[in-house]
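# Geometric and topological summary
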Amino acid sequence: MLALQIWLVKALLIFLTTESIGELLDPCGHIDPESPIIQRGSNFTAVCVLKEKCMDYFHVNANYIIWKTNHLTVPKEQYTVINRTAASVTFTNLVSPNLQLTCNILTFGQIEQNVYGITVLSGFPPEKPKNLNCIVNEGRKMMCQWDPGRETYLETNFTLKSEWATEKFDDCKTKPDTPNSCLVDYSPVYFVNIEVWVEAENALGNITSDHINFDPIDKVKPNPPRNLSVSNSEELSSILKLSWINPSINSVIRLKYNILYRTKDASTWSQIPPEDTASTRSSFTVQDLKPFTEYVFRVRCMKEDGKGFWSDWSEDASGITYEDRPSKAPSFWYRINPSHSHGYRSVQLIWKTLPPFEANGKILDYEVTLTRWKSYLKNYTVNDTKLTVNLTNDRYTATLTARNIVGKSDASILTIPAYDFQATHPVTDLKAFPKDNMLWVEWTAPSKSVKKYILEWCVLSDKSPCIPDWQQEDGTVHRTYLRGKLMESKCYLITVTPVYTNGPGSPESTKAYLKQAPPSKGPTVRTKKVGKNEAVLEWDQLPVDVQNGFIRNYTIFYRTIIGNETAVNVDSSHTEYTLSSLTSDTLYMVRMTAYTDEGGKDGPEFTFTTPKFAQGEIEAIVVPVCLAFLLTTLLGVLFCFNKRDLIKKHIWPNVPDPSKSHIAQWSPHTPPRHNFNSKDQMYSDGNFTDVSVVEIEANDKKPFPEDLKSLDLFKKEKISTEGHSSGIGGSSCMSSSRPSISSSDENESTQNTSSTVQYSTVVHSGYRHQVPSVQVFSRSESTQPLLDSEERPEDLQLVDNVDSSDGILPRQQYFKQNCNQPETCPDISHFERSKQVSAGNEEDFMRLKQQQISNQNSQSCGSGQMKMFQEVSAADAFGPGTEGQVERFETVGIEAAIDEGMPKSYLPQTVRQGGYMPQ
Amino acid sequence: MLACLCTVLWHLPAVPALNRTGDPGPGPSIQKTYDLTRYLEHQLRSLAGTYRLPQFPPSAALLLATEPCLGVLLNYLGPPFNEPDFNPPRLGAETLPRATVNLEVWRSLNDKLRLTQNYEAYSHLLCYLRGLNRQAATAELRRSLAHFCTSLQGLLGSIAGVMAALGYPLPQPLPGTEPTWAPGPAHSDFLQKMDDFWLLKELQTWLWRSAKDFNRLKKKMQPPAAAVTLHLEAHGF
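Residues numbered from 1 in each chain as written. Chains lettered and ligands numbered in written order. Predicted model: local features only at pLDDT ≥ 70, side-chain atom pairs only at ≥ 80, totals over all residues. Heavy atoms only, no water.

### Details of the overall build of chain A
Within chain A, the regular secondary structure consists of 18 helices and 48 strands. Considering only intrachain contacts with a sequence separation of at least 6, the fraction spanning at least 24 residues in chain A is 68%. (Helix = DSSP H or I, 4+ residues; strand = E, 2+ residues; numbered from the N terminus. Contact = heavy atoms within 4.5 Å.)

Next up, the structure:
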């Protein structure tokens, strides 16, 4: 049902539309004006007039008119209903170049019906053409140009009109694509003035330019001169004659010319002064040219009075001036071949070909003359630029001239100094620098007058040898550039040698680059030494072939794998650098860049790892630890050793050996023994009951005079006990020979108190060592007090016993008890040391001593002390015992004397400080 | 004296002879006409394509033994007219104005008569030439002749201009005497060519004569200007 309705509506619409079109074929109305063209920016009004028939058909009037421009409805405000059939629309300031305007009516059902349409064009009227000018190309038609003014946006015709006073010519109409010029259809007639103007016209108006009146001959552009030719003159090498054929217009007008010329290789032209060519001519002679040089010429012409236009340039023509004699002597230098033998030198004379502007022609050959001192030597004619001659070691003068077809050049004179000539006076402040793509060399002249300078240069390379090029400069020059083909990025070694009248001066050299570049290879860095926190890097200088410039500095980049890169700049003179503040046990990557003035180039990356410990660090820890351990151990051992008795006592105490026990002496009267310590007590307790024991210290010194009293007392005491001891019988001397010694020395010994009569049994040694296997009982037959000799063994015995209770140094301590000041006993310590040296076995030592003493036949047992013992040993070695004795006594005497003030020896000390007697 | 000088200077712009930019007088146009005759002569020579004719008469003598022009135009006429030695008798060319004249007579001519003769001669020659152009066979020749005719037209205008400048009236063209170039039955082809030949020869002679005429006029025109200058100088001091 719905579909049927839609179909019906459609069918109705089609019917109605067909009906309307049928009606509209005859337009419902029209717009006036039909095809308007208006000036842009102006107002425009159009009127739409409806036909009555149409109005009736659609039931509309002028009020139903709707205007549209380019399919957009024009606002109602612009409409004006004129009457029932007509309505107008007005546009103000219309700027659109092309406006489609339609008139429509709004029929029943708001359906718009198009009534009529027009196109409104807008533009501008033509402007007055300006700057009209004409040109007459010789032999062709006249062309005129002008400035057409602003764009009109409309079709505009320009017409060039021309006339004589008596006759009009055909108009020249422009083509649409060239509205600013026109080529007239006729050839202009010269010498008859013509009047020309331009008319411009379009739909909005027409306008005429100013008239110009001219003679076409004054607007002529002649054809260029033809067949230009150049010829030279054998008489004058500085001129060339030009000839040409003038354009045919020359027959009716006079011409003037421009002549340009240049050398063949030059790029800029020179001009002959125009006043020289201001009149008609067909040839011209150019002067002041260089000999044997090719010149290129061109010429153009125009009307002589300057009216009109210059012709085009003629075709170029070239010619070569004639030759002239060489204007300059060639550069001249020499080289001495290094091999020198038999008083002859091989000298290579070299010279440069003259540049064309100095050769002034083709050089045919060179003439070389050699003069030794002032005698003419030889003449050579050479085509080459070098000559090798063998010369003696004398001084020579060489002259060189170049010859061409016209003549010879001036002579170059060169002095080859004698073999032993010493060059002096070098140039100073030699500098070389690039500028304007050339390598300039600058120097300060020496004080001496210089004839000329020789500059030599070569490329410095490790691969190829230095092959020098050279050039010569006048003696007045102190700045020049190297005239040779130089390469960039190459190191040039430049040597400047001043040449004086008597020979060359000392050469000076410098290095320079024409243009530097970054190095082609970077430096290869490596480590020389790697420490825990530092690394010493080293590298080699870059070879000169890859430097490409002066190495100004290096930059070292180093980084860890994760860390940032650190850069260090290093002066170019270094080949070593120490990186500090590195982290130990870390992988470092390092690379190096070498910089010239133009940039840098990286070298390969080098990797190294810092060690965990510095060199010697482990040793520094281990060695002290070991040493400390050793020391501790040693101290422990020493301690144990020194305390061995105590340890022994605690671990394995003394057990008296009954088999060794004996009763040495029984004494009814026991002297008071306050000084005996508990051990002695124990000893006595253990071994002897009520036995009087006298211990004689072997070290005891001979008594001093001041101690004699006490000794005397002691003697008296001994004397008092003499009876008792004698009762037992037997000497208590240590040695069996003692009695005889005593007897023999009796007289001498009387002065000393060293010999005493043994009153009692001497117990030699302890039970432990059981050394004294022979029990000695000696009894002095002398009445002389032999206290000292007798005492000593006793003392030793005593000390031996005391040791166990008195620590490490019992004997010392014993003496120390007798010494007020420990430092006053150096010899005691000496003795102590002696004791220590003796393998720590005092018993052995004592035995040895005793044996030694006993071996002395004349020994009076007076000196048991070590020193004495040594002296005795020495005496034994030297001679008979009496001598030794005498000596010993002397010594004793001296010691006694000295010991008045200085307690140096221990015997007097012992005695003086109490000894055992006061005790 | 100073006041007098000032007065003179004050009135200086008013002196017509000095105010040459405003009214140059006949001098420049005479010079131009002279140049034009030379140009036309050059053109005719180009048209004939030969240099057999001398550039200019070496003396003032006008009666010259001229050689016929060769080249395009004469080649067009064909032999024997294009032969160098061809010197036909002046037969059917009676109507052509004669350029040759006795030297004494020429010298005695006044300016007006001189210019009038020139004007009349070229008027006639132009008519004949246009007739020749109409008969020209090739387009190239026709174009060259047309340009030459235009130039000759210009010369006529120039002469008229000079005459106007000098205040002479232009000669009135005689009605009915307008020459025509209609090939008549009396003219054979050879005689026609003979007429053409004489036309070109007469034209060339007239161009020479005109050059001389205008050179003479030019020289005559210069002294007054110099006199004015001298007069002014005398007046000034």
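There's more to say after this.
### Notes on the pairing of strand 31 (residues 396-404) of chain A
Residue and element names in this part refer to chain A. Pairing geometry for strand 28 (residues 363-372) and strand 31, over nine bridges, is antiparallel. Its bridge partner being in strand 31, tyrosine 366 is matched across the sheet by alanine 402. Pairing between strand 31 and strand 32 (residues 412-416): five bridges, direction antiparallel. Within the sheet, the bridge partner assigned to tyrosine 396 lies in strand 32 and is isoleucine 416. (Pairing = 2+ DSSP bridges.)

### Remarks on the confidence of the model for chain B
Residue and element names in this part refer to chain B. Predicted confidence across chain B gives a mean pLDDT of 69, with 57% of residues reaching 70 or more. When mean pLDDT is taken per element in chain B, helix 6 (residues 139-166) scores highest with 87 and helix 1 (residues 2-11) scores lowest with 48. Low confidence marks residues 50-70, where pLDDT is under 50. Its contacts with residues over four positions away, or in another chain, come to 50 contacts. A low-confidence stretch, residues 181-185 stays under pLDDT 50, and its non-local contacts, those more than four residues away or across chains, total nine contacts. Among the scores for the predicted complex, ipTM is 0.75 and pTM is 0.55. (pLDDT = per-residue confidence, 0-100.)

### Examining the state of the cysteines
All names here are of chain A. In total, this model carries five disulfides over all chains according to the counting rule given. Paired through a disulfide, cysteine 172 and cysteine 182 show a sulfur-sulfur distance of 1.8 Å. Disulfide cysteine 172 to cysteine 182: torsion about the S-S bond roughly -90 degrees, handedness left-handed. One end of the pair, cysteine 172, is in strand 13 (residues 172-173); the other, cysteine 182, is in strand 14 (residues 181-183), and 10 residues separate them in sequence. For cysteine 172, a relative accessible area of 6% puts it in the buried group. (Disulfide = S-S within 2.5 Å. Buried < 20%, exposed > 50% of the residue type's maximum accessible area, 1.4 Å probe, protein only.)

### Here we look at the sheet that holds strand 20 (residues 240-245) of chain A
Residue and element names in this part refer to chain A. An order of 19-20-23 is seen for the three strands of this open sheet, with the pairing classed as antiparallel. This sheet does not close on itself; its edge strands, each paired only once, are strand 19 (226-232) and strand 23 (283-286). Across the sheet, the mean angle separating the axes of adjacent strands is 20 degrees when strand polarity is ignored. When strand 19 meets strand 20, the two strands line up antiparallel, connected through five bridges. Counterpart to asparagine 232 in the pairing with strand 20 is leucine 240. (Axes fitted to C-alpha atoms, helices over the stretch in contact; angles between N-to-C directions.)

### Observations concerning the interface of chain B and chain A
Each partner contributes residues to the interface: chain B has 13 residues there, and chain A has 15 residues. Roughly 1,200 Å² of surface becomes buried between chain B and chain A when both sides are summed, with 63% attributable to carbon and sulfur atoms. Contact with chain A buries surface across chain B, with Lys32(B), Tyr39(B) and His42(B) losing the most and accounting together for 39% of the total. Counting across the chain B and chain A interface gives one salt bridge. A salt bridge links Asp215(A) to Lys32(B); the shortest N-O distance between them is 2.6 Å. Linking chain B with chain A are six residue pairs in polar contact (both at pLDDT 80 or more). Among the elements of the structure, helix 2 (26-48) and helix 6 of chain B are those that each provide at least two residues to the side of chain B that touches chain A. For the side of chain B that touches chain A, a count of residues per class yields two nonpolar, eight polar and three charged. (Buried area = accessible area lost by both parts, 1.4 Å probe. Salt bridge = Lys/Arg side-chain N within 4 Å of Asp/Glu carboxyl O. Polar contact = N/O pair within 3.5 Å; in protein donor to acceptor, adjacent residues only side chain to side chain. Nonpolar A, V, L, I, M, F, W, Y, C, P; charged D, E, K, R; others polar.)

### Brief notes about the pattern of salt bridges
This structure, assessed with the given rule, holds 37 salt bridges over all chains. Bridged by salt links that share partners, the residues Arg559(A), Glu565(A), Arg591(A), Asp602(A) and Glu605(A) form one connected network.

### Notes on the packing of aromatic side chains
All names here are of chain A. Scanning the entire structure with this criterion turns up 21 aromatic pairs over all chains. Ring geometry for phenylalanine 169 versus tyrosine 186: centroids 4.5 Å apart, planes at 20 degrees, classification stacked. Of this pair, phenylalanine 169 sits in the loop between strand 12 (157-163) and strand 13 while tyrosine 186 is found in the loop between strand 14 and strand 15 (194-202), placing the two residues 17 residues apart along the sequence. Residues phenylalanine 169 and tyrosine 186 agree in their burial class; the two are buried. Its guanidinium or amino end placed over the ring of phenylalanine 214, lysine 219 lies 5.6 Å from that ring's centre, counting from NZ or CZ. The ring of phenylalanine 641 has arginine 644 sitting right over it, with the charged end atom 4.6 Å from the ring centre. (Phe/Tyr/Trp six-rings, centres within 6.5 Å; stacked < 30°, edge-to-face > 60°. Lys NZ or Arg CZ within 6 Å of the ring centre and 35° of its normal.)

### Side note on the side chain of Thr401(A)
Along the chain, the position of Thr401(A) falls in strand 31. The exposure class assigned to Thr401(A) is buried, which follows from its relative accessible area of 13%.

### Some thoughts on the environment of Tyr39(B)
Take Tyr39(B): it is sitting in helix 2. With 168 residues separating them in the primary sequence, Tyr39(B) and Leu207(B) have C-alpha atoms 9.5 Å apart. Discounting chain neighbours no more than four positions away, the residues touching Tyr39(B) are Pro188(A), Val189(A), Tyr190(A), Phe191(A), Val252(A), His147(B) and Ser151(B).

### Digging into the packing of helix 5 (residues 111-135) of chain B against helix 6 of chain B
All names here are of chain B. The N-to-C vectors of helix 5 and helix 6 enclose an angle of 160 degrees; their axes lie 10 Å apart at closest approach. The orientation of helix 5 with respect to helix 6, classified from their angle, is roughly antiparallel. Helix 6 is crossed by helix 5, and the crossing has left-handed handedness. When its residues are assigned to classes, the contact of helix 5 with helix 6 shows 18 nonpolar, five polar and two charged. (Parallel < 35°, antiparallel > 145°, perpendicular 65-115°, else oblique. Left-handed = near helix turned anticlockwise from the far one by under 90°.)

### Quick notes on the pairing of strand 38 (residues 491-500) of chain A
All names here are of chain A. Strand 38 sits mainly inside the fold: nine of its 10 residues count as buried. Where strand 35 (residues 452-460) and strand 38 come together, nine bridges link them in antiparallel fashion. Residue pairing in the sheet places leucine 455 in a bridge with valine 496 of strand 38. Relative to strand 40 (residues 508-513), strand 38 runs antiparallel, the two sharing six bridges. Counterpart to cysteine 491 in the pairing with strand 40 is tyrosine 513. Pairing between strand 38 and strand 39 (residues 503-504): two bridges, direction antiparallel. Within strand 39, the residue paired with valine 499 across the bridge is proline 504. Hairpin connection, strand 38 to strand 39: the antiparallel pair is bridged by two residues.

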